[in-house]
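Reading the structure
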There are 2 protein chains.
Amino acid sequence: MLTYSFSDIGSDSLYHHLYQCIKKDILSGVLPAGTKLPSKRTFAKNLGVSNITVENAYGQLQAEGYIYSIPKKGFYVQEISDLTPSTGTVSKQQTAYASPHRQFAADIVSNQMNPEQFPFSVWSKLSRETLHELHEELMETPPWGGIRELRDAICSQLKEFRNMEVAPEQVIVGAGTEYLYGLLIQLLGRDKIYAVENPGYHKIAKIYESYQVPCRYISMGNDGMDLQKLADSGAHVAHISPSHHFPTGIVMPIGARYELLGWATREKGRYIIEDDYDSEFRLAGKPIPTLQSIDMSERVIYMNTFTKSLSSTIRISYMVLPKHLLEQFAERLSFYSCTVSNFEQYTLARFIEDGYFEKHINRMRTHYRRIRDELLEAIKNSPLASRCEISEEDAGLHFLLRVDTNLSDAALLQKAKQAEIRLSCLSEYYHETTEDIPAHTLVINYSGLTSEEIPRVVALLTECVGE
Amino acid sequence: MLTYSFSDIGSDSLYHHLYQCIKKDILSGVLPAGTKLPSKRTFAKNLGVSNITVENAYGQLQAEGYIYSIPKKGFYVQEISDLTPSTGTVSKQQTAYASPHRQFAADIVSNQMNPEQFPFSVWSKLSRETLHELHEELMETPPWGGIRELRDAICSQLKEFRNMEVAPEQVIVGAGTEYLYGLLIQLLGRDKIYAVENPGYHKIAKIYESYQVPCRYISMGNDGMDLQKLADSGAHVAHISPSHHFPTGIVMPIGARYELLGWATREKGRYIIEDDYDSEFRLAGKPIPTLQSIDMSERVIYMNTFTKSLSSTIRISYMVLPKHLLEQFAERLSFYSCTVSNFEQYTLARFIEDGYFEKHINRMRTHYRRIRDELLEAIKNSPLASRCEISEEDAGLHFLLRVDTNLSDAALLQKAKQAEIRLSCLSEYYHETTEDIPAHTLVINYSGLTSEEIPRVVALLTECVGE
């Protein structure tokens, strides 16, 4: 039975002393993950303290994520370094409360922005101005699609960056693309079949599953989603990222775009959700027109987000609806309030209008290009060089690193976990039923890396991959 | 055919001149709502200007909501003073873009806060501090339930205001209760039957309908939702606001609360969604314990929002999940990112922690009490006094005003529209199939009123009600 001395606790309270003793034992491994702690009553009796003391100590430990409770069973020690892999199980109580990406020596999965890169002083200045000048506007219930100023700014930005002609009323602002996907399911209907890219972001398929709508996984060809398979699938809605597919990096060529539009117009009720999530960060080559800009039959719903271009912690995304869908939206879904607060909408509108967004994107593009080049150079000069092949390094914020190894992907990930490097394999992004999943291919997201981290990342990668 | 002179436009551009001419005619009523404008080509030819000039003028008018287009048909004049009634049809293009509550002489429906009441200087100071001090934290992906600091602060606040003991990991923060309802449907399941209050907020039922889950309208008795009817309905989930029902103002007494909990525990899979949306603003009487605080069987999901207590334009709400549901949430829905940006989460956390929230609530309570008293006094001293009866004036931010009139509710609302007063009748909050809907009862929401407006509001009310 666990025991602690209370003889020398000075001015510390009993509960706090107990809390610290247990915490120390958890952190040092004396109490390993999964250990069941004594029941409050027994423990209190044993230690000669009141039930309340133990209860408070357990409460504090639980609040801080060191232990968790299972109803009617008791308290258990949390896996402290337990992490959320991109696909799988979670340490439930902990991820509900603690920040997910804290505990790595290096992270080449996260999209989290390096704090040095965020334009804090400008954002601060604009927030201050907004709060100072716009009292009435800030308190006024915004239109359901978002404030006029932001939607105007988004339209100018779409014109400038993507050569898209969009009327501001077509723009619907929401708190993240995940939220907007949910609105789209309500708009297009649960009787539709949705097609997603395989491999692809798990979240998109998860959202469709969570809404219990039928979802088909369509393989990727060399030109993006396999259009024959799409046609054969019976799907009504194709959810794709033609500008830059994650994780393969494929950019859909213009011919395939027209063919896809052909598919969409062939039958009534077919739509394309064009997810343009990181198009701002194409680092080389000429951009290809968006599907939205060449769509003459109102079949394309365009989506983009500031969570990629500004910070994942600013929850502002938007979609551009074709006019007939906008009317349906107004009729059936405009009762939903806009999910982004006025404060941030006005601040972001000014950020775009005053030219800071463009400056920021240009600066980030230069920054990301430099980080990518340094990382590629470091890999080239490392023992990894002779055993790996790099592809898709021109677009977006990741590339693929195919390594020559006998290790399975599971073993690679296990070694990465031990080395405290957050890593992902291309195979993880495939739907489980897929045949011919490519192995030994790492997805290297460098958007959160700093120059200083690169040597360590490459060393850790070499260590993981090495026998 | 519409025509304008371009002879005397000075340094104005052709398109801008044309835009102003048309706008003037729309505003003055020369071009009434619904008028089809000439096609671009014909109009251009007729005016002797280029197609581009007409196109730009139409584009500007459309962007500003004066005209709208129907694909392949042309451009039409928008209904400028068209408004969104709480139940019905909308002028689609316009509400997508313009602010919904602008055009009234008086508004006793809106929850919009008077800008004078929002603590701008404190909020500004805390935003500034947050942006200055928390660079790393602001860029760090938050846990899916929201940042730790805010959830801790919410727990202290629940303890203080509602005497509720809640562990911070049970608190899930989201961008508005509407968004959280959607998560709850995904959590509890689409196979459940949901019961809503009748009368009640239309939005709640609309969300269930939009998710295509079965929804039952349960009448209100004197003690809140009729529990016999609830039991007979076959519903699994009861969505109620026991602390203060909108619009009837009913507060569910403690006995009925226990009975409701009895209903919920009687069968597995039954839940109560306790919507405590304006409990901070009880103006008289002793608060009754929340269902959550007396629930020992994990049947109650508690919800509250800062959109009522702070501003409807700050989109931060939260729910408190019982522990077994929290685990299910973690397993199935924790892939969703938190929908509130870190910036506002940290600012709000400080606002609560530093005691400003409590101060704000106290100040608002005093303010609302004063507005209510002045409004009641003004009614008492008006011709209305002899023809009306007031009830439910002690809780929340509205009361009921039953008037003695021969006018139907539809006629009352029509007169209100003519008088430019935004008004709602109790009957509007009933499900259409209900029998015995009380007539001639106005729901007076005074939260957005100022002292100065009260005489005018009472005069307009008198005018509407008078023969």
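Up top you'll find the structure we're talking about.
Residues numbered from 1 in each chain as written. Chains lettered and ligands numbered in written order. Predicted model: local features only at pLDDT ≥ 70, side-chain atom pairs only at ≥ 80, totals over all residues. Heavy atoms only, no water.

Quick notes on the relation of the copies chain B and chain A
Rotating chain B by 180° and translating it 0.2 Å along the rotation axis places it on chain A, where the RMSD comes to 0.2 Å. With respect to symmetry, the two chain copies, as superposed, fit the operation of a two-fold axis. Counting the interface residues of chain B, we find that 99% of their copies in chain A are interface residues as well, pointing to one common contact surface. (Least-squares fit on C-alpha atoms with pLDDT ≥ 70 in both. Contact = heavy atoms within 4.5 Å.)

As for the pattern of salt bridges
All told, the structure shown has 24 salt bridges over all chains when counted by the stated rule. For the salt bridge of Glu267 of chain A with Arg270 of chain A, the shortest nitrogen-to-oxygen distance reads 3.4 Å. A salt bridge links Arg422 of chain B to Asp107 of chain B; the shortest N-O distance between them is 3.2 Å. Of this pair, Arg422 of chain B sits in strand 14 (residues 421-422) while Asp107 of chain B sits in strand 3 (residues 106-107); the two residues are 315 residues apart in sequence, bridging distant segments of the chain. Among the residues examined, Arg422 of chain B registers a relative accessible area of 12% and is labelled buried. Connected through shared salt-bridge partners, Lys125, Glu129, Glu133 and Arg350 of chain A make up one network. (Salt bridge = Lys/Arg side-chain N within 4 Å of Asp/Glu carboxyl O. Helix = DSSP H or I, 4+ residues; strand = E, 2+ residues; numbered from the N terminus. Buried < 20%, exposed > 50% of the residue type's maximum accessible area, 1.4 Å probe, protein only.)

A few points about the sheet that holds strand 4 (residues 171-174) of chain A
All names here are of chain A. Strands sit in the order 4-11-10-9-8-5-6-7 across an open sheet of 8 strands; the sheet is mixed. A strand with exactly one partner marks an edge of an open sheet, and here the two such strands are strand 4 and strand 7 (224-225). As defined by bridge partners, strand 5 (residues 194-198) adjoins strand 8 (residues 237-240) across 3 bridges and the pair is classed as parallel. Looking at the pairing, Tyr194 lines up with Val237 of strand 8. Each of strand 4, strand 10 (300-305) and strand 11 (317-320) touches helix 7 (residues 148-162); the most contacted strand, strand 4, lies at about 110° to it. (Pairing = 2+ DSSP bridges. Axes fitted to C-alpha atoms, helices over the stretch in contact; angles between N-to-C directions.)

Re the interface of chain B and chain A
One widely used convention gives an interface's size as the accessible area the parts lose upon coming together. The interface of chain B with chain A comprises 75 residues on the first partner and 74 residues on the second. Between chain B and chain A, the buried area comes to about 7200 Å², and carbon and sulfur atoms account for 56% of it. On the surface where chain B and chain A come into contact, there are 0 salt bridges. Summed over the shared surface of chain B and chain A, the number is 17 residue pairs in polar contact (both at pLDDT 80 or more). Ranked by the residues each element gives to the side of chain B that touches chain A, the list is headed by helix 5 (residues 120-133) of chain B, at 6 residues. Looking at side-chain class alone, the side of chain B that touches chain A contains 32 nonpolar, 23 polar and 20 charged residues. (Buried area = accessible area lost by both parts, 1.4 Å probe. Polar contact = N/O pair within 3.5 Å; in protein donor to acceptor, adjacent residues only side chain to side chain. Nonpolar A, V, L, I, M, F, W, Y, C, P; charged D, E, K, R; others polar.)

Everything listed here is a matter of geometry and, on its own, says nothing about what the molecule does.
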